[in-house]
Amino acid sequence: MPELISRMRRFGTTIFAEMSRLAHEHGAINLGQGFPDTDGPREVLEAAVAGIRTGDNQYPPGRGVPELLDAIAAHQQHYYGLRYDPASEILVTVGATEALSASLLALCEPGDEVIAFEPFYDVYDAAITLAGGTLVPVRLEAPEFTIDPARLEAAVTERTKVILLNTPHNPTGHVFGREELQRIADVALRHDLVVITDEVYEHLTFDGREHTPIAMLPGMRERSILISSGGKTFATTGWKVGWVCASPDLVTAVTTVKQFLTFVGPAPMQRGIAAGLRLPDTRIAEIRDSLQRQRDVLVEALEVTGMRVHVPEGGYFIVADVGPLGVTSAIDFCRKLPERVGVAAVPMTVFYRDATGVETLVRFAFSKRVEVLEEAASRLAALGTSI
């Protein structure tokens, strides 16, 4: 019988699936997987429903519904001053994951190297491997998770093709500042590299921080592929509506691959996300501020247990060190947590190629209703007697 191709054999069932299974088995609150437990803005949902009811149920144009292409262009101009032509510089994809995979498949020849900042979302490793590339990790050290410029420069070789940048960063919650972005830009410009960015948490930054796309920096628009989606901001992760913004030649390259993956995405959902992108700034701020309150509830709960908490600057996740609780293995801790206290989380070790020094770090998702987080807090309070 045919077997899975050799380069993909090391990828099995994800840790997210395992922890979700354990959460279900033990009736635990699932803080392992990053999805909201509420519906998105009513305007977003109603726009999608209206599309279904008015017959918008067949294949949309290959690059996306014009309404969404225009909304993405207006969004980039409004928030970042970046001008993208809806007709030639924007592509709608089936989520940011497809955008990322199609971009890597379009740009990477077998053996090309892709730099990614570690810890990294597990999809990055799989997508780079599927494209025949080689992931080269550049580690972000806890607790700040900031870039070491010397480490980044040392990672570049004659085979390097792409730098993959995720900000706000999953899983650490770090928001890359302009100075850090300039360091990445300097390396990309010096070595003629493309930067692929994952910006799905772009509107979910806390404590007054602002998201800055690297394409805003001098010389970077032409060599950046900006990827984002509506799933995280508008609590519609199941809709899988993402997009690519880049120069015409890069968008054409990505489109050439994307058309043979999913061809097109669902038209009604594209109209819904277009409505979301047109929401006033105040509504986006309300979404951000609500999530920040959720973050604060869980931060306090984790600190009460005695964990050492890294307060996130953006995104959906909190990194906490369970070492102060006497734990030596985050993996064992997370596998036992659903049964012992009724909460599920994910060990940070799965986001590393080399997890030396981070064996006791755990990631918790706070993208849940406050009452759910408060219940999780009461359960976590029992940690002292259950370890």
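Residues numbered from 1 in each chain as written. Predicted model: local features only at pLDDT ≥ 70, side-chain atom pairs only at ≥ 80, totals over all residues. Heavy atoms only, no water.

Q: Help me get a handle on the packing of helix H4 (residues 95–107) against helix H5 (residues 122–130), residues and values and all.
A: Packing of H4 against H5 brings their axes to within 8 Å, and their N-to-C directions diverge by 35 degrees. Crossing of H4 against H5: the hand is right-handed. Here Thr97, Leu100, Ser101, Leu104 and Leu105 of H4 come into contact with H5, specifically with Val123, Tyr124, Ala127, Ile128 and Leu130. Here the residues of the contact of H4 with H5 sort into eight nonpolar, two polar and no charged. (Axes fitted to C-alpha atoms, helices over the stretch in contact; angles between N-to-C directions. Helix = DSSP H or I, 4+ residues; strand = E, 2+ residues; numbered from the N terminus. Left-handed = near helix turned anticlockwise from the far one by under 90°. Contact = heavy atoms within 4.5 Å. Nonpolar A, V, L, I, M, F, W, Y, C, P; charged D, E, K, R; others polar.)

Q: Summarise the pattern of salt bridges; cite the residues concerned and give the values.
A: Tallied over the full model, the rule gives 29 salt bridges. With a shortest N-O distance of 3.5 Å, Asp112 and Arg159 are connected by a salt bridge. Taken together, the positions of Asp112 in the loop between H4 and strand E3 (113–118) and Arg159 in the loop between helix H6 (149–155) and strand E5 (160–166) put the pair 47 residues apart, joining distant regions of the chain. (Salt bridge = Lys/Arg side-chain N within 4 Å of Asp/Glu carboxyl O.)

Q: So what's going on with the packing of helix H3 (residues 66–80) against helix H9 (residues 267–277)? Residues and values would help.
A: Interaxial distance between H3 and H9 falls to 8 Å at its minimum, and their mutual angle equals 25 degrees. Taken together, the axes of H3 and H9 lie roughly parallel to each other. Considering the relative orientation of H3 and H9, their crossing is left-handed. Between H3 and H9, the residues in contact are Glu67, Leu68, Ala71, Ile72 and His75 and Gln270, Arg271, Ile273, Ala274 and Leu277, respectively. Of the residues contributing to the contact of H3 with H9, the split by class is six nonpolar, two polar and two charged. (Parallel < 35°, antiparallel > 145°, perpendicular 65-115°, else oblique.)

Q: Just give me the short version of H4, but keep the residues and values in it.
A: In a regular helix each residue adds 1.5 Å, so 13 residues correspond to 18 Å; H4 covers 19 Å between its end C-alpha atoms and thus fits that length. Counting buried residues along H4, ten of its 13 residues qualify, which places the element largely inside the surrounding structure. Of all the positions in H4, only Gly95, Ala96, Glu98, Ala99, Leu100, Ser101, Ala102, Ser103, Leu104 and Leu107 are classed as buried. (Expected span 1.5 Å × (residues − 1). Buried < 20%, exposed > 50% of the residue type's maximum accessible area, 1.4 Å probe, protein only.)

Q: Go over the side chain of Gln270, please, and point to the residues and values.
A: Considering the arrangement of structural elements, one finds Gln270 in helix H9. A distance of 2.8 Å separates the side chain of Gln270 from the backbone nitrogen of Val65, its partner in a polar contact. (Polar contact = N/O pair within 3.5 Å; in protein donor to acceptor, adjacent residues only side chain to side chain.)

Q: Describe in detail the environment of Leu181, supporting the description with residues and values.
A: Turning to its location among the elements, Leu181 is positioned in helix H7 (residues 178–191). Along the chain, Leu181 and Pro86 lie 95 residues apart, while their C-alpha atoms are 26 Å from each other. Once residues within four sequence positions are removed from consideration, Leu181 is found in contact with Leu165, Phe176, Thr212, Ile214 and Leu217.

Q: An account of the environment of Leu361 is needed here, citing residue identities and associated values.
A: Among the structural elements, Leu361 can be located in strand E13 (residues 361–365). A relative accessible area of 6% means that Leu361 is categorised as buried. As for Leu361 and Thr328, which are separated by 33 residues in sequence, their C-alpha atoms are 9.6 Å apart. Those residues within four positions of Leu361 in sequence are excluded, and the remaining contacts are His310, Val319, Ala320, Asp321, Ala330, Pro347 and Met348.

Q: Report on the nonpolar core, specifying residues and quantitative values.
A: If you look at the biggest cluster of nonpolar residues, it comprises 100 residues, and the most contacted ones within it are Ile196, Ile225, Leu298, Met307 and Phe364. Sort the elements by how many residues they give to this core and H4 lands first, with six residues. Here Leu298 is in contact with Leu31, Ile318, Phe364, Ala365, Phe366, Leu373 and Leu380, once residues within four sequence places are set aside. Counting residues in hydrophobic clusters, the runner-up holds 24 residues, among them Ala48, Leu69, Leu82 and Tyr84. (Core = buried A, V, L, I, M, F, W, Y, C linked by side-chain atoms within 4.5 Å.)

Q: Account for the sheet that holds strand E8 (residues 242–245), naming residues and giving values.
A: What the seven strands build is an open sheet, ordered E2-E8-E7-E6-E5-E3-E4; its pairing is mixed. Across the chains shown, the open sheet's two edge strands, defined by having one partner strand only, are strand E2 (90–93) and strand E4 (134–139). For this sheet, the mean inter-axis angle between neighbouring strands, taken without regard to orientation, is 20 degrees. Judged from the four bridges that link them, E3 and E5 form a sheet pairing that is parallel. By the bridge assignment, Val114 is partnered in E5 with Val162. Packed onto the sheet, H3 meets E2, strand E7 (224–229) and E8 and runs at close to 120 degrees relative to E2. Packed on one face of the sheet, H4 meets E2, E3, E5, strand E6 (194–198), E7 and E8 and runs near 160 degrees to E7. (Pairing = 2+ DSSP bridges.)

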